[in-house]
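Below, each chain spelled out in residue letters.
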Amino acid sequence: MAKFADINLDEAVVRRAAGGDVRAHEIIYRAYSTPVYTLCLRFTKAPAHAEDLTQETFIEVMRSIAGFRGESALGSWIRRIAVTKALMFLRSAWTARSQSFTDDWDDVTPGDNLSHGISRHPDDAMDLDAALASLPDVARTVVWLHDVEGFTHKEIAAYMGKTESFSKSQLSRAYQRLKPLLGQADDAPEASGAVLRTY
Amino acid sequence: MICGLTADERTALLARLASLPETMPPRAVWHRIREQAEAEGLLRRPASPPRTLYWGAGLAAAVGLVAVLVLEEPAAPTFSPTPENYTVSNSQAVDALAALMVESRQLENDLRALPAEPRVVRAGTQATILELEERIASIDQQLSDPASGLSAADREVFWRERVRLMKLLVGLRYAQTQRAAFSPARQGLPGAGVE
């Protein structure tokens, strides 16, 4: 999977984009739209919402790129915008439902993910997709930010306005749900047995 | 155990997460971004894209023809702008205004040529379309009102704005018809009516 950090664009493209050059912005969009849309889709699960968030992300890029100083990679900067937009969206959805970040595990019946026909055999991607989709929004978001995008618990906590313990707890609970998928590791005879205590 | 996963389990999980396929956004997303960015004045048009050149050349020829006709018979222009009470007084203004009027009329033709609005529409898009239509109607009212006391320069500004709004409207309506043409409902796929 191509990640934000794997994509490199010429600095000249960024300079042209800062001047409002439509071609330069289109190049940036072509380069980063897939990881942005994928991230938004993972967070929201709804293509229509992911499209809107992708649009909002790149509009924000256009508004702000003149102030981009290159202190971080362009991909990291765009990812930060996308994550912020997606979390704002999730927050607003929770707010509308009068729920908080902490209680959305209550929406999920234990074992839901296992009822999606998860097997240890073919099409692991589909199994994992279904398992991820069955996680509560917060937990799925934490898993994605931590294990795919490489955010630290401290960073995740800052984004969510929560503590690091909250982020770790969400990840831990998510892992318990995903564990049945990891059969191959279970099947391995005498796997290392090392248990992760920190991430 | 904090997370309950062994090192092997976590390695397996990370590998599977990393191998999940990415999803490309639909093509329409870029068009929507561009429309919004242009509406907000965030983009500068490219200097010489080929299509614009061809289109620009055609428009220039049309404008030249109209300008010649108007200059030959200034009291009786060979076209009538949408607001009927409009008259022009100097040849420079005629050139600029004639171009805007021709462009505006062409955009109206383009709009009329589009299929009827789809039955299911995006609420946000529909609201934007309605807002654009209201703003265009308001401009038309200003241009048609003899009591508005607009100067030639004011009229040019109004016509320019009308063309800009018409372009946005045509773009949005085009995107709307495209979305409807490729919607899950049309293709018998799950998710119909989500739009």
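Positions within a chain are numbered from 1, following the residues in the order the chain's sequence is written. Numbering of ligands from 1 and lettering of chains from A proceed in the order in which they are written. Local features are withheld for residues below a pLDDT of 70 in this predicted model, meaning they are given only at 70 or higher, and side-chain atom pairs are given and counted only at 80 or more; totals for whole chains, interfaces and linings count all residues.

Structural notes on the packing of helix 5 (residues 123-144) of chain B against helix 6 (residues 152-181) of chain B
Residues and elements named next belong to chain B.
Logical step 1: Between the N-to-C directions of two axes lies an angle of 0 to 180 degrees, each axis being a line fitted to C-alpha atoms and, for a helix, fitted only over the stretch in contact. We count a stretch as a helix when DSSP gives it H or I for four or more residues in a row; a strand needs E for two or more, and each element gets its number in order from the N terminus. Packing of helix 5 against helix 6 leaves a shortest axis separation of 9 Å and a crossing angle of 155 degrees. For the element pair helix 5 / helix 6, the angle class is roughly antiparallel. For the pair helix 5 and helix 6, the crossing hand works out as left-handed. Where helix 5 abuts helix 6, its residues Thr125, Thr128, Ile129, Leu132, Glu133, Arg135, Ile136, Ile139, Gln142 and Leu143 lie against Arg155, Phe158, Glu161, Arg162, Leu165, Met166, Leu168, Leu169, Leu172, Arg173 and Gln176.
Logical step 2: Three classes are used, and their members are as follows: Ala, Val, Leu, Ile, Met, Phe, Trp, Tyr, Cys and Pro are nonpolar, Asp, Glu, Lys and Arg are charged, and the others, Gly among them, are polar. A breakdown of the residues in the contact of helix 5 with helix 6 according to their chemical character gives 11 nonpolar, four polar and six charged. In these notes the angle categories are as follows: under 35 degrees is roughly parallel, over 145 is roughly antiparallel, 65 to 115 is roughly perpendicular, and the rest is oblique. For a crossing to be left-handed, the near helix must be turned anticlockwise from the far one by less than a right angle; the clockwise case is right-handed. Once C-beta atoms have been placed from the backbone, residue pairs whose C-beta atoms lie within 7 Å are recorded as contacts.

A closer look at the nonpolar core
Logical step 1: By our criterion, buried Ala, Val, Leu, Ile, Met, Phe, Trp, Tyr and Cys residues that link up through C-beta atoms within 7 Å make up a nonpolar core. With C-beta atoms placed from the backbone, the exposure class of a residue follows from how many other C-beta atoms lie within 10 Å of its own: 20 or more, buried; 12 or fewer, exposed; in between, partly exposed. Residues Cys40, Ile78, Ala86, Val142, Val143 and Ala174 of chain A are the most contacted members of the largest nonpolar core, which totals 51 residues.
Logical step 2: Residue assignment for this core shows that the elements contributing at least two residues are helix 2 (22-44), helix 3 (47-64), helix 4 (74-96), helix 5 (124-134), helix 6 (137-148) and helix 8 (164-178) of chain A together with helix 1 (7-18) and helix 2 (28-39) of chain B.
Logical step 3: Looking at which element gives the most residues to this core, the answer is helix 2 of chain A, with 10 residues.
Logical step 4: Those residues in contact with alanine 86 of chain A that lie beyond four places of it in its chain are Leu39, Cys40, Phe43, Thr44 and Leu53 of chain A.
Logical step 5: Core analysis: the next-biggest nonpolar cluster, separate from the first, contains 17 residues, Ala98, Leu100, Leu107 and Leu168 of chain B among them.

Considerations on helix 2 of chain B
Logical step 1: Expected helix span is taken as 1.5 Å per residue step, with the number of steps being one fewer than the number of residues. Here helix 2 of chain B spans 16 Å end to end across 12 residues, near enough to the 16 Å set by a 1.5 Å rise per residue.
Logical step 2: Within helix 2 of chain B, burial applies to Val29, Arg32, Ile33, Arg34, Glu35 and Ala37 of chain B.
Logical step 3: Residues of helix 2 of chain B that are buried in the fold lie against helix 2 and helix 3 of chain A together with helix 6 of chain B.
Logical step 4: Remark: glycine 41 of chain B follows helix 2 of chain B within two positions and exhibits a positive phi of approximately 70 degrees.

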